[in-house]
Amino acid sequence: MGIKNYISDMDGVLVKGHTIIPGAGEFIERLKAKKAKFLVLTNNSLYTPRDLAHSLKTIGMDIDEKFIFTSAIATAQFLHAQRPNGTAFVIGEIGLTTAIHEIGYVITDNHPDYVVLGETNAYNQEQITKAIRLISRGSRFIATNPDTSGPSEGGIVPGCGAMASLIESATEISPLFVGKPNPLMMRSALNYLGVHSENTIMIGDRMDTDIISGVQSGMETILVLSGITKIEDVTKYPYLPARIVESVADIIP
């Protein structure tokens, strides 16, 4: 069968907050020892891969930035493929603005081709109002991911999907979400890694994003129970993962 390639979600699979999930570090080392191609995939657009690699290293997990792929990168690649060297009004943090700049885009509020929405720690009325007006005047509406909330040290915070709903309500224009569960995110990751779906396994802790995007992309899927999904939740969905394990500690490449 040969060595399989692996694409893994991060939160709930490798880490939970600022803590490594037991056995996750050893799993990554097993992948390296096998010389398997792997990629850590996240819908989080706040940070650059370098930022995330540094954050992981501070808690004891060694993953090079080139093995981390975010919804911000997938969004930037989509924009470049659709309209090279375009312009965008961006609501987001450095992870998103860096990815947009790196494809040669100009970030502007002067008749931009796109309004691009990602997570930010500082949503404000002025930005949202500007986005609504630009979209109403014809700028295309793109959002990095549909997650309605995310974790923080003090509890949940509104996610990109929640803010996208607000803008959609005001404009009556729906965004294109690039991140999971859109298979576009998975295909972008497969292309980035240089592998084919039939030889690649998707590992995730969420049936509604990780597993469905893997299934729709023709990948083998493994659900881990170390994150959001409980075993009793699985039967609620019309699709199933190929395997269910307690955590990545149980996966032998």
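Look a little higher up for the structure.
For the structure given in this document, a descriptive report is provided here. (Residues numbered from 1 in each chain as written. Predicted model: local features only at pLDDT ≥ 70, side-chain atom pairs only at ≥ 80, totals over all residues. Heavy atoms only, no water.)

### So, unusual backbone geometry
Part 1: At the junction of Lys180 and Pro181, the peptide bond is cis and its omega measures out at 10° in the coordinates.
Part 2: Tracing the sequence through the fold places Pro181 in the loop between strand S12 (176-177) and helix H7 (183-193).
Part 3: Phi at Lys35 takes a positive value of approximately 60°, unusual for a residue other than glycine.
Part 4: Its place among the elements puts Lys35 in the loop between helix H1 (24-34) and strand S4 (38-42).
Part 5: You can call Lys35 exposed: its relative accessible area is 74%.
Part 6: Phi is positive for His111, close to 50°, though the residue is something other than glycine.
Part 7: Secondary-structure assignment places His111 in the loop between strand S7 (106-107) and strand S8 (114-117). (Helix = DSSP H or I, 4+ residues; strand = E, 2+ residues; numbered from the N terminus. Buried < 20%, exposed > 50% of the residue type's maximum accessible area, 1.4 Å probe, protein only.)

### Regarding helix H2 (residues 49-58)
Part 1: Turning to H2, its buried residues number three or more, namely Pro49, Leu52, Ala53 and Leu56. Buried residues of H2, seen end-on, are gathered within an arc of 100° and therefore sit on one face of the element. Relative to its buried face, H2 has exposed residues pointing more than 90 degrees away, namely Arg50, His54 and Thr58.
Part 2: Elements that come into contact with the buried residues of H2 comprise strand S2 (15-16), S4, strand S5 (68-70) and helix H3 (71-82). (Arc of directions from axis to C-beta. Contact = heavy atoms within 4.5 Å.)

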